[in-house]
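Residue strings, one per chain:
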Amino acid sequence: MECVKEYQLKNVSSHCSISEMDDYDLSKLLDKPDKPRLNIERQRSFDERSLSELSVGLSRALDTYETAYSPGRSALDTPASSARNSFDPHPMVAEAWEALRRSLVYFRDQPVGTIAAYDHASEEVLNYDQVFVRDFVPSALAFLMNGEPEIVKNFLLKTLQLQGWEKRIDRFKLGEGAMPASFKVLHDPVRKTDSIVADFGESAIGRVAPVDSGFWWIILLRAYTKSTGDLTLAETPECQKGMRLILTLCLSEGFDTFPTLLCADGCSMIDRRMGIYGYPIEIQALFFMALRSALVMLKHDAEGEEFIERIVKRLHALSFHMRNYFWLDFQQLNDIYRYKTEEYSHTAVNKFNVIPDSIPDWVFDFMPTRGGYFIGNVSPARMDMRWFALGNCVAILSCLATTEQASAIMDLIEARWEELVGEMPLKICYPAIESHEWRIVTGCDPKNTRWSYHNGGSWPVLLWLLTAACIKTGRPQIARRAIDLAESRLLKDSWPEYYDGKLGRYIGKQARKYQTWSIAGYLVAKMMLEDPSHLGMISLEEDKQMKPLIKRSSSWTY
């Protein structure tokens, strides 16, 4: 390829390697003359609404949220000294940066991502030596916060190029906008060439394509733009087209009567069968956040305007649906407990014909009188009332949760600290499924035994999402407490992928050591707590036009 403007990509099956990548040279894209960067004054970039509630003594003025950006710092100074926040340095920080840099992957001498884990002690490499889209996000945020945006730009361009590949799995062609789950760089020392192999789901366990990759890509593109103040990357025809292709996939109209996105088990961070088929909270929250992120980056040209109109309509419908039907608090639980069934017509209160006897016993004791959360799934005759950490944190950051709901989620975490945090942040879901239900739901998956891996395991990477949600809701003390717990174990345990047990006391039985996103998640949490202005790159303001539909408890009797 001679010119970026043409962006002609070779049609190949996704399982093939493009040797030497003759049709595409990353350096040509990176060397493309940029427009002058915007000279934006450094501003604080977290919601002004949270400032009065912060207990860390932040007194600097905040300007308009959407115009803020947060340039980075040096590795050694981040996040060491910040007397104004009483933020003490920790020896783990330097160790974490060293470990993160060891995980860097290079394509033609350009850094393009980080591998999933750098565990040389493990006999099986599997796919942990690949660059995963979802795994790279906390690494990308760490580099952006540290003033190293080039690797993030390289990654965005590389995955955008991979999006253009023809994707076939068992003779079936995937949607044009699908982003890869991961890619691997192959170095040929004899020929001195590099090539890339991408996985769109055909190599994954369960052969499930990642739905979340495209959403994380859009969210990361906005984070890059917010952090650097450089609009030129998002405004390129290639990035605009990439966003439109992703949006085409998820905004298509069909038979579904819900504005939520129908997804298979294993299509997100929970990438093995865990009974989340249907409308999992993680995907809906990421969907909402990606739509809002795309809305501010799409150009107002003929093609962009069409998508902007569709996004606005979908956001209104999606926010109404999620805030009403996915929300659970004490009042709502009591309403469902008293539901009548077999109701017909649009006047029905029990819209999905949920049988009260299907409510699991554990939720009655788990639900505090103050607090609430978005449940795992809603579908005809079935409510998955499990707590899922990523979906609830993203709901706060994207403002899918109203101000009242965001506070209620934090109230729940404080009230149920032992169950959701325990001795290592943070439970990916709660509670674990076991016995006969485990056999049915997971297909007897030996990795997803109770309180392990995705079945109630504790994942240190979620620390950055918890910290971001805490800062946004004015509860930094919760994040401090969680970070203290992580610092007592993570380095000593060699940065495990996950922990096992009800309290997260034990290193996961199959957990990789030196898991990159465990390392990056810790760094992002530390830097964000030291300088909350960093929150602006990953958090969105409340849309004033999208008026909250719930004023008290969000009851289904609305």
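- Going by an unreviewed UniProt entry, the protein chain carries the name Alkaline/neutral invertase and comes from Cinchona calisaya.
- The record held by UniProt for the protein chain lists under Sequence similarities (unreviewed entry) the comment "Belongs to the glycosyl hydrolase 100 family."
- Database annotation for the protein chain, UniProt heading Function (unreviewed entry): "Invertase that cleaves sucrose into glucose and fructose."

### Here's the deal with the overall build of the protein chain
Next, step 1: Looking only at helices and strands, the protein chain has 19 helices and 13 strands in total.
Next, step 2: Expressed as a percentage of contacts within the protein chain between residues at least 6 apart in sequence, the contacts between residues at least 24 apart total 73%.
Next, step 3: Only carbon and sulfur atoms are counted for the fraction: they give 51% of the accessible area of the protein chain, which is about 22,900 Å².

### A few points about the packing of aromatic side chains
Within a pair of aromatic rings, the relevant descriptors are the distance that separates the centres and the angle that separates the planes.
Next, step 1: Tallied over the entire structure, the rule returns 21 aromatic pairs.
Next, step 2: Aromatic side chains Trp362 and Phe366 sit 5.6 Å apart centroid to centroid with 65° between the ring planes, which places their arrangement in the edge-to-face category. Pair noted here: Trp362 and Phe366 are both in helix H12 (residues 362-366), with a separation of 4 residues, about one helical turn.
Next, step 3: Looking at Phe366, the relative accessible area reads 4%, which means it is buried.
Next, step 4: Arranged with centres 5.0 Å apart and planes meeting at 25°, the rings of Phe366 and Tyr430 form a pair that is stacked. Of this pair, Phe366 sits in helix H12 while Tyr430 is found in strand E11 (residues 429-430), placing the two residues 64 residues apart along the sequence.
Next, step 5: Of the residues examined, Tyr430 reaches a relative accessible area of 15% and is grouped as buried.
Next, step 6: Grouping aromatic residues by their ring pairs yields a cluster made of Trp362, Phe366, Tyr373, Trp387, Tyr430 and Trp451.
Next, step 7: Between the NZ or CZ atom of Lys158 and the centre of the ring of Phe107, over which it lies, the distance is 4.1 Å.
Next, step 8: Here the guanidinium or amino end of Arg512 rests over the ring plane of Tyr128, the centre of that ring lying 4.4 Å away.

### Quick look at the packing of helix H3 (residues 92-102) against helix H4 (residues 133-145)
Next, step 1: Remark: H3 packs on H4, axes separated minimally by 12 Å, with the N-to-C direction vectors making an angle of 120°. Here H3 lies oblique to H4, going by the angle between them. Between H3 and H4 lies a crossing of left-handed hand. Mapping the contact onto sequence places Trp97, Leu100 and Arg101 in H3 and Ser139, Ala142 and Phe143 in H4.
Next, step 2: Of the residues contributing to the contact of H3 with H4, the split by class is 4 nonpolar, 1 polar and 1 charged.

### A closer look at unusual backbone geometry
Next, step 1: Here the bond from Pro425 into Leu426 is cis, since omega is 5°, no more than 30 degrees from zero.
Next, step 2: Cis geometry is adopted by the peptide bond preceding Pro431, which originates at Tyr430 and carries an omega value of -5°.
Next, step 3: On the secondary structure map, Pro431 appears in the loop between E11 and helix H16 (435-442).
Next, step 4: Although it is not a glycine, Ala381 adopts a positive phi angle of roughly 65°.
Next, step 5: Mapped onto the secondary structure, Ala381 falls in the loop between strand E9 (372-379) and strand E10 (382-388).
Next, step 6: The exposure class of Ala381 is partly exposed, given its relative accessible area of 42%.

### With respect to the pattern of salt bridges
Next, step 1: Tallied over the entire structure, the rule returns 16 salt bridges.
Next, step 2: Residue Arg102 pairs with Glu98 through a salt bridge whose shortest N-O separation is 3.7 Å. Note that Arg102 and Glu98 are positioned in helix H3 at a spacing of 4 residues, about one turn of the helix.
Next, step 3: Take Arg102: its relative accessible area is 35%, and that puts it in the partly exposed class.
Next, step 4: Exposure remark for Glu98: the relative accessible area of 48% places this residue in the partly exposed category.
Next, step 5: Here Glu148 and Arg101 are joined by a salt bridge, their closest N and O atoms 2.8 Å apart.

### Comments concerning the sheet that holds strand E6 (residues 182-188)
Next, step 1: With antiparallel pairing, 3 strands are arranged side by side in an open sheet as E3-E6-E7. The open sheet has two free edges, formed respectively by strand E3 (131-132) and strand E7 (193-199), since each of these has just one partner strand.
Next, step 2: For E3 and E6, the ladder comprises 2 bridges, and the chain directions are antiparallel. Opposite Phe132, over in E6, you have Ser182 as the bridge partner.
Next, step 3: The sheet strands contacting helix H5 (residues 150-163) are E3, E6 and E7, and the helix crosses E6 at an angle near 100°.

### Concerning the pairing of strand E1 (residues 104-107)
For a regular strand, the rule is simple: side chains alternate between the two faces of the sheet.
Next, step 1: Across 4 bridges, the pairing between E1 and strand E2 (residues 110-114) is antiparallel. Directly across from Leu104, in E2, lies its bridge partner Thr114.
Next, step 2: Linkage of E1 to E2, two consecutive antiparallel strands, is achieved through a turn of 2 residues, within which Arg108 is found at a positive phi near 50°.

Criteria and thresholds
- Residues numbered from 1 in each chain as written.
- Predicted model: local features only at pLDDT ≥ 70, side-chain atom pairs only at ≥ 80, totals over all residues.
- Heavy atoms only, no water.
- UniProt positions renumbered as here; feature names shortened; annotations may be inferred.
- Helix = DSSP H or I, 4+ residues; strand = E, 2+ residues; numbered from the N terminus.
- Contact = heavy atoms within 4.5 Å.
- Areas by Shrake-Rupley, 256 points an atom, 1.4 Å probe, with all protein chains shown as cover.
- Phe/Tyr/Trp six-rings, centres within 6.5 Å; stacked < 30°, edge-to-face > 60°.
- Buried < 20%, exposed > 50% of the residue type's maximum accessible area, 1.4 Å probe, protein only.
- Lys NZ or Arg CZ within 6 Å of the ring centre and 35° of its normal.
- Axes fitted to C-alpha atoms, helices over the stretch in contact; angles between N-to-C directions.
- Parallel < 35°, antiparallel > 145°, perpendicular 65-115°, else oblique.
- Left-handed = near helix turned anticlockwise from the far one by under 90°.
- Nonpolar A, V, L, I, M, F, W, Y, C, P; charged D, E, K, R; others polar.
- Salt bridge = Lys/Arg side-chain N within 4 Å of Asp/Glu carboxyl O.
- Pairing = 2+ DSSP bridges.

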